[in-house]
Amino acid sequence: MTHEAGIPLGIRFKLLSDTPQDSAAQVVGEVVVGDYRDLDTLRAFARGCDVITFDHEHVPTEHLRALEADGIPVRPGPEALVHAQDKGVMRARLDAIGVPCPRHRIVTDPRDVAAFAAELEGGGHGVPSGKGGGGRRTGGFPVVLKTVRGGYDGKGVWVVDSAEEAAEPFRAGVPVLAEEKVDFVRELAANVVRSPHGQAVAYPVVESQQVNGVCDTVIAPAPGLDENLALRAEEMALNIAKELGVVGHLAVELFQTRDGRILVNELAMRPHNSGHWSMDGAITSQFANHVRAVLDLPLGDPRPRAKWTVMANVLGGDYPDMYSAYLHCMARDPQLKIHMYGKDVKPGRKVGHVNTYGDDLDDVLERARHAAGYLRGTITE
């Protein structure tokens, strides 16, 4: 999708791909199959590139520093990207710049988890949670445990109700972050894009609905969100991008608490699922603005085209061949926008998404969910 956004500008992409079957490898003209964790492979790939960017955050930080030392522009740079790679680094930095987060602590064993829970039970704040504090609640357990690196879509995340349940995260031998389980009303996301010379734009704050730890539906803008709270979220995301030196797209995943606050849950420094709605619902998509930012071009207008846009993820289900499902969905809703990723269909795997838009939120939601369900096979009429 980033490649698609670059085509009208005549931008040539070179891709380092794990396998020839990866989504981007099916469309990009110049593909190198190799291991992004191998520095020699990265250096060989980077030769001849004007700039390097990413569709995930897992390239080792030290390798990116080596590319920069070789004179290759990396955007976002390693000093920014590490905050999306390492949750412990992220929390420490957000604390330092006064961004409100859930209460948290790096823990080394189940006894540490129990001690952290006891502090929560007693009303202790553990480490600082930024100006304005966190989503306060009484009680210790449950506690959320996260591996500091490598987790996504619910992987590397555990909600534990006792110290006895806390053993599993430590078996991987990597540091673990303990966080309070926030009593939130819903999840939001603030998406911004920043260029090397400091120009930045903010998309409308969206509501992100999760099912079993996987993003299911995104509504743009977030329904019923107080205008002042929306503005605060956008300003927070823009400030994070500036303070961390982000170049490109930044998604700030947020909790809206029951007492009317917003807390930062996660950061992603790349085009993000919560911004996929912008492909059809914004004047300039997140992908187009990411490309512009990486190349230090003037950024495009992020405003929405319609009153409401809904993105619904298509998960793998009963239809390995989508053609017959296309016939139904396209005939039923000529305004529907379908985006499939060229992935093998496996149960529960994200294989695409659909976008709908219009003036009636209930209608837009129904159209998106019907199409996503029919493409998956959970709806058959």
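Novice: Report on the packing of helix H2 (residues 39-46) against helix H3 (residues 61-69), specifying residues and quantitative values.
Specialist: Here H2 crosses H3 at 40°, and the two axes come no closer than 10 Å. Considering the relative orientation of H2 and H3, their crossing is right-handed. Of the residues in H3, those in contact with Leu 39, Leu 42, Arg 43 and Ala 46 of H2 are His 63, Ala 66 and Leu 67. Looking at side-chain class alone, the contact of H2 with H3 contains five nonpolar, one polar and one charged residues.

Novice: Can you tell me about the pattern of salt bridges, naming the residues and giving the values?
Specialist: With the rule as written, the count across this model stands at 20 salt bridges. A salt bridge links Arg 37 to Asp 35, with the nearest nitrogen and oxygen atoms 2.9 Å apart. Given the relative accessible area of 31%, Asp 35 is considered partly exposed. Here the salt bridges share partners, and the residues they tie into one network are Arg 91, Lys 146, Glu 179 and Glu 266.

Novice: How would you explain the packing of helix H4 (residues 78-85) against helix H5 (residues 87-96) if you had to name every residue and give the values?
Specialist: The N-to-C vectors of H4 and H5 enclose an angle of 110°; their axes lie 6 Å apart at closest approach. Considering their axes alone, H4 and H5 lie roughly perpendicular with respect to each other. Contacts from Val 82, His 83 and Gln 85 of H4 reach H5 at Lys 87, Val 89, Met 90 and Arg 93.

Novice: Could you give me a rundown of the nonpolar core, with the residues and numbers involved?
Specialist: Grouped together as the largest cluster of nonpolar side chains are 43 residues, with contacts concentrated most on Ile 240, Leu 250 and Val 264. When residues of this core are traced back to their parent elements, those giving at least two are H2, H3, H4, H5, strand E7 (184-194), helix H7 (227-244), strand E11 (248-257) and strand E12 (262-268). Considering each element in turn, this core owes the most residues, eight residues, to H7. For Leu 250, the contacting residues outside a window of four places in its chain are Ala 190, Asn 191, Val 192, Ala 237, Ile 240, Ala 241, Leu 267, Ala 268 and Met 269. In terms of nonpolar packing, the next biggest core, distinct from the first, is built from 19 residues, Val 310, Val 314, Val 354 and Ala 368 among them.

The rules behind these values
- Residues numbered from 1 in each chain as written.
- Predicted model: local features only at pLDDT ≥ 70, side-chain atom pairs only at ≥ 80, totals over all residues.
- Heavy atoms only, no water.
- Axes fitted to C-alpha atoms, helices over the stretch in contact; angles between N-to-C directions.
- Helix = DSSP H or I, 4+ residues; strand = E, 2+ residues; numbered from the N terminus.
- Left-handed = near helix turned anticlockwise from the far one by under 90°.
- Contact = heavy atoms within 4.5 Å.
- Nonpolar A, V, L, I, M, F, W, Y, C, P; charged D, E, K, R; others polar.
- Salt bridge = Lys/Arg side-chain N within 4 Å of Asp/Glu carboxyl O.
- Buried < 20%, exposed > 50% of the residue type's maximum accessible area, 1.4 Å probe, protein only.
- Parallel < 35°, antiparallel > 145°, perpendicular 65-115°, else oblique.
- Core = buried A, V, L, I, M, F, W, Y, C linked by side-chain atoms within 4.5 Å.

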